[in-house]
Amino acid sequence: MSLLILVTGATGQVGWQLQRTLAPLGDVVARTRSQLDLSNPEATAKYVRELAPNIVVNAAAYTAVDKAESEHHLAQEVNAVTPGRIAEELARTGGLLVHYSTDFVFDGSKVGPYVEDDPTGPLNVYGETKLLGEQDIAASGCPYIILRTSWVYDTRGKNFLRTVLRLAHEREELRIVNDQHGAPTWARAIAEATAQIVARSSEHHEQSGWGHNGLFHLTAGGTTTWAGFAQQILSEYEALAAWPADTGEFGSPLMAERVIPITSDQYKTPARRPANSVLSNEKLLSVFGLKLPDWKVLLRLALEDAIR
Ligand SMILES: NC(=O)c1ccc[n+]([C@@H]2O[C@H](COP(=O)([O-])OP(=O)(O)OC[C@H]3O[C@@H](n4cnc5c(N)ncnc54)[C@H](OP(=O)(O)O)[C@@H]3O)[C@@H](O)[C@H]2O)c1
């Protein structure tokens with residue numbers, strides 16, 4: 001069966017990578033915000049109805065965590081209302097929805113990694129709207145796979161990795177929060193795992209239905225803090241940048257060599273963030289046989305890819 005796959009948020013970190021990883025699996029229609037604006041639920045539902053894709057991979061999201069505190073309505077439309085409407089359309093056609101959610105659905109008070117059915121308790125508006133999105137999709141009756149991930153970065157786009165490298169070219173030291181724990185996850189690894197899941201689901205579909213349905217955690221292995229992540233970025237960058245290369249921002253020497261750890265209290269932000277964002281990936285391994293490498297391995301691969 002030839003699949004028609006709609007990808008939303010095509011300019012985002014995950015959406016960009018999905019266009020390559022999903023390409024061998026069918027015809028991919030990738031839509032940017034200007035082509036398909038999820039702040040308009042009815043227009044998005046109409047588009048999905050008319051396109052009638054077999055699968056929607058919804059990589060679009062309102063991801064500005066701090067700004068969401070003052071843009072609750074917009075964040076809710078994009079992260080919950082419209083994904084719910086897409087799900088309703090797919091419930092009618094039997095299409096599969098693959099959607100992403102976040103570690104920020106949890107309050108971070110658990111000791112140890114969160115499993116999928118741990119109680120939620122978002123600390124900020126972004127987390128609330130993403131949780132509502134999960135619930136609306138689950139209530140729609142469509143076949144769905146929701147992948148909760150964390151601390152997403154890439155070597156393009158707006159993200160922590162690029163911010164750290166930019167600041168490290170401008171300042172001699174970086175002060176970074178050291179009391180929030182999680183697993184930085186490369187967008188390409190998320191997109192590759194998604195393609196594997198889509199491939200397995202569509203193989204299953206040839207026999208009987210889409211197969212496994214539900215909520216899964218999908219993050220890199222291991223854990224660190226934002227300060228630990230930043231220090232590793234600087235160390236890996238220094239090691240790799242010694243290679244001869246004319247690669248613009250990824251080729252020049254850094255001013256900063258070290259990270260000064262600070263507490264969340266010393267770096268106030270409009271949105272509160274969980275102290276523990278670590279997600280257990282056991283369910284993904286047992287159901288799909290998939291496991292992402294340690295975050296340090298993925299970081300090195302991402303930087304090698306950018307620098308070489
Ligand atoms: N980033 C993280 O650290 C993180 C952590 C946990 C979970 N997640 C989840 O992972 C998924 C992918 O995130 P990401 O890191 O790839 O996010 P991202 O890089 O911020 O990309 C988000 C994408 O959504 C698009 N978008 C925003 N508002 C839209 C709208 N109204 N209509 C259509 N598209 C819109 C953006 O378009 P523009 O480029 O035009 O803005 C962009 O293409 C999301 O569900 C996110 O909630 C992300």
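As shown above, the structure is provided for reference.
Note that this is a predicted model, so its numbers are computed, not measured.

J.: I keep staring at the overall build of the protein and nothing clicks. Help me out?
T.: When helices and strands are tallied, the protein shows 9 helices and 12 strands. Computed over the C-alpha atoms, the radius of gyration of the protein is 19 Å, within 12% of the 19 Å expected from 2.2 N^0.38 for a compact globule of 308 residues. Judged by the C-alpha coordinates and their principal axes, the protein covers about 55 × 40 × 40 Å. With 308 residues in all, the protein has 52% of them scored as buried. In the protein, once contacts between residues fewer than 6 apart in sequence are set aside, the share between residues at least 24 apart is 81%. Of the roughly 13600 Å² of accessible surface on the protein, a fraction of 50% belongs to carbon and sulfur atoms. Taken as two groups, the 28 positive and 36 negative side-chain charges of the protein have centres that lie 2 Å from each other.

J.: Help me understand the site of the ligand in this model?
T.: Around the ligand, a shell composed of 25 residues is seen, among which T11, R33, L38, T63 and Y126 lie nearest. In this structure, L38 approaches the ligand through a main-chain N or O atom, which is 2.8 Å from a nitrogen atom. Here T63 contributes a side-chain N or O atom positioned 2.6 Å from an oxygen atom of the ligand. In isolation the ligand exposes 900 Å². Once the protein is present, 83% of that is buried. Listing elements by their share of the shell around the ligand, those giving two or more residues are α1 (13-21), β4 (96-102) and α4 (125-140). Here the element with the most residues in the shell around the ligand is β4; it accounts for 3 residues. Classifying every residue of the shell around the ligand by side-chain character gives 11 nonpolar, 10 polar and 4 charged.

J.: Hey, could you run me through the layout of surface pockets in this one?
T.: The rolling of a water-molecule-sized probe over the atoms marks out the regions of remaining empty space. Of the volumes computed, that of the second largest pocket is approximately 200 Å³. Split by residue class, the lining of the second largest pocket holds 7 nonpolar, 6 polar and 2 charged.

J.: Sorry if this is basic, but what is going on with the sheet that holds strand β10 (residues 214-217) here?
T.: Paired through their backbone hydrogen bonds, the strands of a sheet run either parallel or antiparallel. Here 6 strands make up an open sheet; going across it, the order is β2-β1-β3-β4-β5-β10 and the pairing parallel. Looking at which strands have only one partner, the edges of the open sheet turn out to be β2 (26-31) and β10. In this sheet, neighbouring strand axes are inclined to one another by 20 degrees on average, regardless of whether the strands run parallel or antiparallel. The pairing of strand β5 (residues 144-149) with β10 spans 4 bridges and is parallel. Bridge assignment links R148 to a residue of β10, and that residue is H217. Its contacts with the sheet place helix α2 (residues 41-51) against β1 (3-8), β2 and β3 (55-58), and it is angled at close to 165 degrees to β1.

J.: How do you make sense of empty space enclosed by the protein when you look at a structure like this?
T.: Scanning the entire structure with this criterion turns up 1 cavity of 30 Å³ or more. By volume, the largest cavity is sized at about 40 Å³. Lining the largest cavity, in full, are V48, R49, A52, P53, E89, L90 and T93. Counting residues per element, the lining of the largest cavity draws most heavily on helix α3 (residues 72-93), which supplies 3 residues. The residue inventory of the lining of the largest cavity, partitioned by class, reads 4 nonpolar, 1 polar and 2 charged.

Cut-off values and rules
- Residues numbered from 1 in each chain as written.
- Predicted model: local features only at pLDDT ≥ 70, side-chain atom pairs only at ≥ 80, totals over all residues.
- Heavy atoms only, no water.
- Helix = DSSP H or I, 4+ residues; strand = E, 2+ residues; numbered from the N terminus.
- Rg over C-alpha atoms; globule rule 2.2 N^0.38 Å.
- Buried < 20%, exposed > 50% of the residue type's maximum accessible area, 1.4 Å probe, protein only.
- Contact = heavy atoms within 4.5 Å.
- Areas by Shrake-Rupley, 256 points an atom, 1.4 Å probe, with all protein chains shown as cover.
- Lys, Arg positive; Asp, Glu negative; His and termini not counted.
- Charge placed at Lys NZ, Arg CZ, Asp CG, Glu CD.
- Near = heavy atom within 4 Å.
- Polar contact = N/O pair within 3.5 Å; in protein donor to acceptor, adjacent residues only side chain to side chain.
- Nonpolar A, V, L, I, M, F, W, Y, C, P; charged D, E, K, R; others polar.
- 1 Å grid on protein atoms, 1.4 Å probe; cavity = no way out; pocket = protein on both sides within 12 Å on 5 of 7 lines; lining within 4 Å.
- Points joined across faces, edges and corners; volume = space filled by probe spheres on them.
- Pairing = 2+ DSSP bridges.
- Axes fitted to C-alpha atoms, helices over the stretch in contact; angles between N-to-C directions.

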